[in-house]
Amino acid sequence: ARRAGDASHYGEVLRVMAATLVAQRADAPLADGVDVKALKRALVDAYGPGGTWCGYVDSATRLTLANIDSDAARAARAAPVPDGVDAEAVVAIVDVKLPPLAKRFSGDELVRRMRAATEASHNFPAALAFAESVARAASAVADEPTTGTDDRQMSATAPLPALVVAVAAATRA
């Protein structure tokens, strides 16, 4: 049970966003825009499986996380399957190996880890090439400037615009 002073789910969303903005401000000015990729990764790190948040998660946040996951999975499933890669290998690569790795890594690191994971079970050139292609497709989606939110609901990232303005104003003061 929560006690006075415990963080709420909504407070945690704001803490995650604020921490992401502060970290970004150290690397690049907010005038360059919000690093949505970092924000998505921070939300997954906080609320996803094995995340730092233990407690209630509202449906908007659950749907935001599901949308982030489904965008990467959809892109991965659209990757062309080379000759010699059977249906079992496709399932192992796209549905088993990719999801946990894509939650933590992107870009070249995701490609490297997908290749290593695939070598353990499907160590042949066509499967390795497919694993790399799937990792690149999932990373490309992770780099897109979308938040994973669904406009039909109040999303977990709804407070972001006001928070950006507040942080940007504070840096000018």
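Details of the structure are given in the entry above.
Computed from a predicted structure; not experimentally measured. Position labels on residues start from 1 in each chain and follow its written sequence. Given that the model is predicted, a residue must reach a pLDDT of at least 70 before its local features are reported, and side-chain atom pairs must reach 80 or more before they are shown or counted; all residues, however, enter totals for whole chains, interfaces and linings. Heavy atoms from the whole structure form the basis of all side-chain values; hydrogens and water molecules are not counted.

Spacing of three or four residues puts side chains on the same side of an α-helix, whose turn is 3.6 residues. Put simply, DSSP H or I for four residues or longer makes a helix, DSSP E for two residues or longer makes a strand, and each gets a number counted from the N terminus. A helix is expected to span 1.5 Å multiplied by its residue count minus one. For helix H2 (residues 36-47), spanning 12 residues, the distance from its first C-alpha to its last is 16 Å, which sits close to the expected 16 Å at 1.5 Å a residue. Classification of residues uses two cut-offs on accessible area relative to the type maximum, computed with a 1.4 Å probe and protein chains only: under 20% is buried, over 50% is exposed, and between them is partly exposed. The buried fraction of H2 is high, at 9 of 12 residues. What H2 keeps buried is the set Val36, Leu39, Lys40, Arg41, Ala42, Leu43, Val44, Ala46 and Tyr47.

Two rings belonging to Phe, Tyr or Trp (six-membered ring only in the last case) form a pair when the distance between their centres is within 6.5 Å. Interplanar angles under 30 degrees mark stacking, angles over 60 mark edge-to-face geometry, and anything in between is tilted. Taken as a whole and judged by the stated rule, the model has 1 aromatic pair. For the ring pair tyrosine 47 and tryptophan 53, a centre distance of 6.3 Å and an interplane angle of 55° mean the geometry is tilted. The same class applies to tyrosine 47 as to tryptophan 53, namely buried.

Looking now at the packing of H2 against helix H3 (residues 59-77). Only the stretch in contact is used when a helix axis is fitted, and all axes are lines through C-alpha atoms; the angle between N-to-C directions ranges over 0 to 180 degrees. Axis separation between H2 and H3 bottoms out at 11 Å; the angle between their running directions is 120°. The pairing of H2 with H3 is recorded here as oblique in orientation. Viewed along their axes, H2 and H3 form a crossing whose handedness is left-handed. For the pair H2 and H3, the contacting residues are Lys40, Leu43, Val44 and Tyr47 in the first and Thr61, Leu65 and Ile68 in the second. Think of it as three bins: nonpolar holds Ala, Val, Leu, Ile, Met, Phe, Trp, Tyr, Cys and Pro, charged holds Asp, Glu, Lys and Arg, and polar takes everything else, Gly as well. Within the contact of H2 with H3, the residues separate by chemical class into 5 nonpolar, 1 polar and 1 charged. An angle counts as roughly parallel when it lies under 35 degrees, as roughly antiparallel when it exceeds 145, as roughly perpendicular when it falls between 65 and 115, and as oblique in every other case. Left-handed is the label given to a crossing in which the near helix is rotated counterclockwise from the far helix by less than a right angle, and right-handed is the label when the rotation is clockwise. Residues count as neighbours in contact if any of their non-hydrogen atoms are within 4.5 Å of one another.

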